[in-house]
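The chain contents come next:
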Amino acid sequence: MADINDNPVRKAANSGEETCKKAYYDVAIIGAGLAGLTLALQLKRARPATSILLIERGLFPRPEAAFKVGESSAEIGAFYLREIIGIRQHLEQEQLTKFGLRFFFTQQTNQDITRRVEAGRSLPSPVATYQLDRGRLENYLKEQAIVKGCDLWEGCKIREIEAGADAHYLGVSDQAGEKTAAARWLVDASGRGSVLKRRFGLKAEVEHNVNAAWFRLPEMIDIENWSDQPGWKERIIKGERWLSTNHLVGAGYWVWLIPLASGSISVGIVADEKIHPFESYNRLDRALDWLQKYEPQCYEAVKAQAEQVQDFKVQKHFALNALQVFSEERWAVTGEAGRFLDPLYSMGSDFIGISNTFITNLIYHDFNQDDLPGSAAFYDQIHAVTYDVFLQIYQHQYPLFGNAQVMLAKLVWDNSLYWGFVTLLFFNRKLADLGYMGTIYDLTGHLAALQRRMQALFRAWNELETTEYRDIFVDYLQLPILKELNQALTVKYSAGELRRRLERNVALLDQLAAALFYRAARSVAEIPPGQPVNPLALSLNRQEWEKEGLFAGEEAVIPSPELLKELELIWLERYPEPRNEAELSLMQKIEI
């Protein structure tokens, strides 16, 4: 084996030449997209003296609109950008404030948007999220990184990487030739190029097999214009539908409509390979044919601009996993270069924020010589468990998407879990506090087990629930349990108060699980509302009930009468079938 000191990358970086001395950094980040740029800014906020090199394959400025997918943010990602990266003014003045997630479930041939069961907000949320023009955002972040003193090498390709005990060495080429750099820390934010994942053999298989195709159009598509029905328009008390991330949903697929501040609209198709093969929509002409078949109103709106399509891109096997993303050997992976879930709930920037916060803590403590042994492994475990908990939301669940009743229950559950635990921890800046996370290990283990039970319950329920509903609007976010969990995100808790709040939220989730089980089980047995059930033994297979102790054990809970009453909002059979236009108009806005 050759002496590693003979490596030209190391020899150049270790030479006494002035140009090479300047190429030694505290941190080298491969990739200057959303993940890499925000990490650089977060590091500079935590430790301004940190020297940072960003190595980017592409060039700036980025084009607006037709650049990258991942335009919609959820609460964690929005908080990360607004509060931790500190770009509130840009978000509020140069991007769009999002009007939440909105779902329209399949109703026959989807020719009339007003007949579809609609689930979404009628009022704005107290916790802001955003629709992001990624080109505009990354151009701004790049300028901020330069102002803060980061170096940026654009148009560069990584030729060679040598991971060392004292420093990591990189060989880079661009149009001007070749150059080298060395850094104490190396972070991969290269997106699906996954430089370190490939270099270190870190790829991990994930069963979740969905594909996507998307494109941008130059003129806004306002879903509000798809009907002149007054009652349908009046459902929204305050806010505008077009600012939502609108989801057109059917069995095995969903279509997104996301507005961009540049005036363009992003349109995407995401589908389960087993139900909607990728080849049926992986070219623009095929995607248009697919829309005409499954979402004809969307097709008509898109067709009017078909000659002006700004781009068309595809992605097979959207979900990604990794064996490891943080290392004690001072390297890390963030964003799509590591673990990525599914775009349904817009959690891509959530995981960027979580990963970058872990990495920032590791680097900060390393340079301050107060890092804890095994901290990288602990962060990796938290990251992997969080990934797995949220993967359950999507994996094997796409067949449910056409079932309005089951999906309404699932939306309530998914939001409750998201807001009630991980989001609350992140907002209170405790998710990266290793000491604190060690004190709530019992709660995280309980929720991980409960999540698996609930997502399996939804799959079984889908097989039993066959009624098709129409002409209904449900503002499920007006449920008191969801309003409480969302409002709690606006409160800053002490460590002790946060523990008590998390315990309360877990208890609420146990009750919610039992209450949803009562309704789901009606097809196989009538469970009395006062019957205690063990949320960790939920199943719609009656043969499993006694064996798994469904009605026994210390874990058994009884949902409160108040919660059972509240959940009537989402039981669609309570909405009578409208018999005429006057009655339909009266029914369009339904309140608790």
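The rules we used
- Residues numbered from 1 in each chain as written.
- Predicted model: local features only at pLDDT ≥ 70, side-chain atom pairs only at ≥ 80, totals over all residues.
- Heavy atoms only, no water.
- Helix = DSSP H or I, 4+ residues; strand = E, 2+ residues; numbered from the N terminus.
- Expected span 1.5 Å × (residues − 1).
- Buried < 20%, exposed > 50% of the residue type's maximum accessible area, 1.4 Å probe, protein only.
- Contact = heavy atoms within 4.5 Å.
- Pairing = 2+ DSSP bridges.
- Axes fitted to C-alpha atoms, helices over the stretch in contact; angles between N-to-C directions.
- Phe/Tyr/Trp six-rings, centres within 6.5 Å; stacked < 30°, edge-to-face > 60°.
- Lys NZ or Arg CZ within 6 Å of the ring centre and 35° of its normal.

## What to know about helix α3 (residues 34-46)
No. 1: Look at α3: 18 Å from first C-alpha to last across 13 residues, which is about the 18 Å you get at 1.5 Å a residue.
No. 2: Across the 13 residues of α3, 11 count as buried, placing the element largely inside the fold.
No. 3: What α3 keeps buried is the set Leu34, Ala35, Gly36, Leu37, Thr38, Leu39, Ala40, Leu41, Gln42, Leu43 and Lys44.
No. 4: Lining the buried residues of α3 we find β1 (24-30), β2 (52-55), α4 (75-84), α6 (134-147), β10 (177-188) and α11 (348-367).

## Considering the sheet that holds strand β15 (residues 265-272)
No. 1: Here we have eight strands laid out as an open sheet, ordered β16-β12-β15-β14-β13-β4-β5-β20, and mixed in their pairing. Edge positions in the sheet fall to β16 (311-315) and β20 (473-474), since each has one partner strand and no second.
No. 2: The sheet contact formed by strand β12 (residues 210-217) and β16 spans five bridges and is antiparallel. Within β16, the position partnered with Ala212 by the bridge is Gln315.
No. 3: Contacts from helix α13 (residues 404-427) reach β4 (101-105), β5 (118-119) and β20 within the one sheet, and its direction differs from that of β4 by about 165°.

## Some thoughts on the pairing of β15
No. 1: Extensive coverage of β15 is indicated by the burial of eight of its eight residues.
No. 2: Of the two faces of β15, both are covered, the one formed by Ile265, Val267, Ile269 and Ala271 as well as the one formed by Ser266, Gly268, Val270 and Asp272.
No. 3: Pairing of β12 with β15, which is carried by eight bridges, proceeds in the antiparallel orientation. By the bridge assignment for β15, Trp214 is matched with Gly268.
No. 4: By the bridge criterion, seven bridges tie strand β14 (residues 253-259) to β15 in an arrangement that is antiparallel.

## Thoughts on the packing of aromatic side chains
No. 1: Evaluation of the coordinates by the stated rule reveals 24 aromatic pairs.
No. 2: Summarising the aromatic geometry, the rings of Phe390 and Tyr418 are spaced 6.1 Å apart at their centres and angled 75° between planes, so their arrangement reads as edge-to-face. Residue Phe390 is found in helix α12 (residues 375-394), and its partner Tyr418 is found in helix α13; the two are separated by 28 residues along the sequence. Each of the two residues, Phe390 as well as Tyr418, counts as buried.
No. 3: An aromatic cluster is defined as three or more aromatic residues linked by ring pairs; in this entry it consists of Trp214, Trp254, Trp256, Phe318 and Phe340.
No. 4: The ring of Phe367 carries the charged tip of Arg47 above its face, separated from the ring centre by 4.3 Å.

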